[in-house]
Amino acid sequence: MIQSEQEPLPYRQCAGIVLFNNSGMVLVGKRIDQISEAWQMPQGGIDANEEPLEAALRELEEEINTANVEILAESKNWYQYDLPKNLRGKLWKGKYRGQNQKWFAMKYLGEDNEIQPQSVKKPEFDDWKWVDIEDLPRVAIKFKQDIYRSISVEFYEISKSLREKINSV
């Protein structure tokens, strides 16, 4: 079925994770399918009859091989982005125009060596690192930069609080 301009493709429901370490840094992974140097936070689709938080925890297991986390906050709003026109029809079997995302801030409770994105069933990341929350828009692929900017603003105080705790020890 071809979608008309009057019936645009829907948005894919998605859950995303802003995963903080003890120092207030955020985990990003480098996608296997990207040629450019673009990083993203763990995220993925919400299955039918699945709550956004359930999806977020499942996605952590599926993408980085651990969900050893403490939930800190949920985004106040859903964030939406459109795929660039050249990617529509290629991603998600062409069924969606972009994503509608609910984000969760979580604190990672494990050791770095437990994060193993290459050891999952279907690896999406071939590398990962911790970055400052302020750097999220800079490291993201262009069409996700606005969302990452909004998320970094919304969860900035969590990062700041974690940095202050580690600096006061």
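I will try to describe carefully the structure that is included in this document. (Residues numbered from 1 in each chain as written. Predicted model: local features only at pLDDT ≥ 70, side-chain atom pairs only at ≥ 80, totals over all residues. Heavy atoms only, no water.)

**Regarding the layout of surface pockets**
The criterion, for reference: With a 1 Å grid spanning the protein atoms alone, the term cavity applies to any set of points in which a 1.4 Å probe fits but cannot get out, the term pocket to an open set with protein on both sides within 12 Å along at least five of seven lines, and the term lining residue to any residue with an atom within 4 Å of a point. Grid points are joined across faces, edges and corners, and a volume is the space filled by probe spheres set on the points. Think of it this way: any DSSP run of H or I at least four residues long counts as a helix, any run of E at least two long counts as a strand, and we number them from the N terminus. Gly is put with the polar residues, along with every residue not named as nonpolar or charged; the nonpolar set is Ala, Val, Leu, Ile, Met, Phe, Trp, Tyr, Cys and Pro, and the charged set is Asp, Glu, Lys and Arg.
By volume, the largest pocket is sized at about 670 Å³. For the largest pocket, the lining is made up of 28 residues, of which R31, D33, Q40, W92 and E124 are closest to its centre. Among the elements of the structure, strand 3 (39-40), strand 4 (43-45) and helix 1 (52-64) are those that each provide at least two residues to the lining of the largest pocket. If one sorts the elements of the lining of the largest pocket by residue count, helix 1 sits on top with four residues. Of the residues contributing to the lining of the largest pocket, the split by class is eleven nonpolar, six polar and eleven charged.

**Here's the deal with helix 1**
Basically, it comes down to this: The span you would expect from a helix comes to 1.5 Å times its residue count less one. Partly exposed describes any residue whose relative accessible area lies between the buried limit of under 20% and the exposed limit of over 50%, with all areas from a 1.4 Å probe on protein chains only and scaled to the type maximum. Arc definition: directions from the helix axis to the C-beta atoms. Contact criterion: two residues are considered in contact whenever any of their non-hydrogen atoms come within 4.5 Å of each other.
Taking 1.5 Å of rise per residue, 13 residues should cover 18 Å, and helix 1 covers 18 Å from first to last C-alpha, within 8% of that figure. Here helix 1 has its buried residues at P52, A55, A56, E59, L60, E63 and I64. Down the axis of helix 1, the smallest arc covering the buried residues is 140°, so these residues share one side. Of the surrounding elements, those touching the buried residues of helix 1 are strand 1 (11-20), strand 2 (26-31), strand 4, strand 5 (69-74), strand 7 (98-108) and strand 8 (125-131). Count one or two residues on from helix 1 and you reach N65, which has phi positive near 75°.

**So, unusual backbone geometry**
In this structure, N49 takes a positive phi of about 60° despite not being glycine. Summarising the element assignment, N49 is placed in the loop between strand 4 and helix 1. Accessibility expressed as a relative area gives 85% for N49, which makes it exposed. The backbone phi angle of N65 is positive, close to 75°, even though this residue is not glycine. Considering the arrangement of structural elements, one finds N65 in the loop between helix 1 and strand 5.

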